[in-house]
Amino acid sequence: MRRKLVVGNWKMNGSLAANAPLLKGVAEGAGAAGADCAVCAPAPYLAQCQQLLAGTPVAWGAQDVSRHASGAYTGEVSASMLMDFGCSYVIVGHSERRAYHGESNELVAQKAVAAMSAGLTPIVCVGETLEEREAGRTTQVVSAQLEAVLALLDGQQVSGIVVAYEPVWAIGTGKTATPAMAQEVHAQLRMQLKEKSADAGAGVRILYGGSMKPDNARELMAQTDIDGGLIGGASLKAADFLAIVQAA
Ligand code: 13P
């Protein structure tokens with residue numbers, strides 16, 4: 001039985017002043033939930049997450065990581081630096097990084113390896129654009145994105161990742177994949193994980209992301225292969241985020 005996981009992706013939002021009540025609210029409300037829960041904040045606020053979330057049931061993480069361990073890579077943040085601030089998770093390959101920063105499947109895979117080597121759990125994002133879906137290429141696109149990561153990890157390592165299926169056309173648009181549409185892709189991703197390792201197929205959590213809100217979370221997470229959510233907009237309000245955690 002996979003324990004549900006709900007992760008907030010704040011994206012480039014927040015301030016010290018605004019984060020404090022949000023983090024406190026989430027920490028207070030998450031206690032009673034029977035699901036795992038985390039927030040992925042902008043890097044400058046990870047110290048604040050550590051300060052306000054340490055000792056609570058809420059974990060925290062980053063939204064990106066360098067594939068390099070250290071050195072002359074101006075502006076980059078390494079996995080060991082994230083570990084210094086108590087992170088458990090890091091998102092890799094979010095579609096916004098793929099689209100706006102030209103991240104390839106191979107680079108995303110290297111970032112996942114860097115994260116795992118430092119002891120972080122990578123949340124590997126995959127997802128198709130509207131054009132790709134309409135051209136009938138969804139399976140091909142998401143399986144290539146996942147395959148690049150599987151190629152660099154052994155079976156045991158694969159069991160330690162989290163996968164997030166985020167159809168690009170559903171992100172920030174208010175359009176959600178129907179539970180059946182999402183389940184179909186999740187089942188395919190699980191089969192692909194299973195081919196790599198039976199343990200990974202059974203144990204890896206596959207989150208859905210893309211306009212998940214309090215009013216659609218329960219139905220999405222009731223699907224066999226949907227093990228939680230990666231939440232953008234709704235993670236910026238404690239009440240909405242907690243409602244999704246409760247649904248999980
Ligand atoms: P929204 O929940 O705002 O659609 O964002 C989803 C997302 O991109 C999470 O990573």
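Relevant structure appears above.
Every value quoted in this text rests on a predicted model; they were computed, and no experiment measured them.

S.K.: Just to check I follow, could you spell out unusual backbone geometry for this structure?
M.R.: The bulk of non-glycine residues show a negative phi, and the bulk of peptide bonds are trans. For Lys11, which is not glycine, the phi dihedral falls at a positive 55°. Counting through the fold element by element, Lys11 comes out in the loop between strand S1 (5–9) and helix H1 (16–30).

S.K.: How should I be thinking about the site of the ligand in this particular structure?
M.R.: Around the ligand, a shell composed of Asn9, Lys11, His94, Glu166, Ala170, Ile171, Gly172, Gly210, Ser211, Leu230, Gly232 and Gly233 is seen. One nitrogen or oxygen atom from the main chain of Gly232 is found 2.9 Å from an oxygen atom belonging to the ligand. Considered on its own, the ligand offers 310 Å² of accessible surface; in the complex 97% of this is hidden by protein. Split into classes, the residues belonging to the shell around the ligand amount to 3 nonpolar, 7 polar and 2 charged.

S.K.: Teacher, can you tell me more about the pattern of salt bridges here?
M.R.: Side chains that carry opposite charge are capable of pairing whenever their charged atoms lie near each other. Tallied over the full model, the rule gives 12 salt bridges. Of the charged contacts, one joins Glu96 and Lys11 as a salt bridge, the two residues approaching to 2.8 Å between their closest N and O atoms. In this pair, Glu96 sits in helix H4 (residues 95–100) while Lys11 sits in the loop between S1 and H1, placing the two residues 85 residues apart along the sequence. Residue Glu96 is classed as partly exposed on the basis of its relative accessible area, which comes to 25%. Note that Arg205 is salt-bridged to Asp36, the shortest N-O span being 2.8 Å. One end of the pair, Arg205, is in strand S7 (residues 205–209); the other, Asp36, is in strand S2 (residues 36–40), and 169 residues separate them in sequence. Look at Arg205 and you get buried, because its relative accessible area is 16%. Asp36 gets classed as partly exposed once you look at its relative accessible area, which sits at 23%. Within this structure, Arg2, Arg190, Asp225 and Asp227 form a network of salt bridges that share partners.

S.K.: Would you explain the pairing of strand S4 (residues 89–92) in this entry?
M.R.: On a regular strand, each side chain points to the face opposite its neighbour's, so the side chains alternate between the two faces of the sheet. What you see with S4 is no split at all: Tyr89 and Ile91 on one side and Val90 and Val92 on the other are buried throughout. Of the pairings in the sheet, the one linking strand S3 (residues 58–62) to S4 comprises 2 bridges and is parallel in character. Directly across from Gly61, in S4, lies its bridge partner Tyr89. As judged from the 4 bridges shared by S4 and strand S5 (residues 121–126), these two strands associate in the parallel manner. By the bridge assignment, Val92 is partnered in S5 with Val124.

S.K.: Please clarify how the pairing of S5 should be interpreted in this entry.
M.R.: The element S5 is extensively covered by neighbouring structure, given that 5 of its 6 residues are classed as buried. Relative to strand S6 (residues 162–165), S5 runs parallel, the two being bridged by 4 bridges. Opposite Ile123, over in S6, you have Val162 as the bridge partner.

S.K.: Sorry if this is basic, but what is going on with the sheet that holds S2 here?
M.R.: Note: strands within a sheet are paired through backbone hydrogen bonds, in either parallel or antiparallel orientation. What the 8 strands build is a closed barrel, ordered S1-S2-S3-S4-S5-S6-S7-S8; its pairing is parallel. With direction set aside, neighbouring strand axes in the sheet form an average angle of 25°. The pairing of S1 with strand S8 (residues 228–231) spans 4 bridges and is classified as parallel. Residue Gly8 lies in a different strand from S8, and its bridge partner there is Ile231. Along the sheet face, helix H2 (residues 46–53) touches S2 and S3 and points at about 170° away from the line of S3.

S.K.: Looking at this model, I keep getting lost on the nonpolar core. Mind explaining?
M.R.: Generally speaking, a soluble globular protein has its nonpolar side chains buried in company with each other. Grouped together as the largest cluster of nonpolar side chains are 64 residues, with contacts concentrated most on Leu189 and Tyr208. Look past the residues within four positions of Tyr208 in its chain and what remains in contact with it is Tyr165, Pro167, Ala170, Thr176, Ala177, Ala182, His186, Leu220, Ile226, Gly228, Gly229 and Leu230. Leu5, Ala59, Val162 and Leu230 belong to the second-largest nonpolar core, a separate cluster that totals 13 residues.

The rules behind the values
Residues numbered from 1 in each chain as written. Predicted model: local features only at pLDDT ≥ 70, side-chain atom pairs only at ≥ 80, totals over all residues. Heavy atoms only, no water. Helix = DSSP H or I, 4+ residues; strand = E, 2+ residues; numbered from the N terminus. Near = heavy atom within 4 Å. Polar contact = N/O pair within 3.5 Å; in protein donor to acceptor, adjacent residues only side chain to side chain. Areas by Shrake-Rupley, 256 points an atom, 1.4 Å probe, with all protein chains shown as cover. Nonpolar A, V, L, I, M, F, W, Y, C, P; charged D, E, K, R; others polar. Salt bridge = Lys/Arg side-chain N within 4 Å of Asp/Glu carboxyl O. Buried < 20%, exposed > 50% of the residue type's maximum accessible area, 1.4 Å probe, protein only. Pairing = 2+ DSSP bridges. Axes fitted to C-alpha atoms, helices over the stretch in contact; angles between N-to-C directions. Contact = heavy atoms within 4.5 Å. Core = buried A, V, L, I, M, F, W, Y, C linked by side-chain atoms within 4.5 Å.

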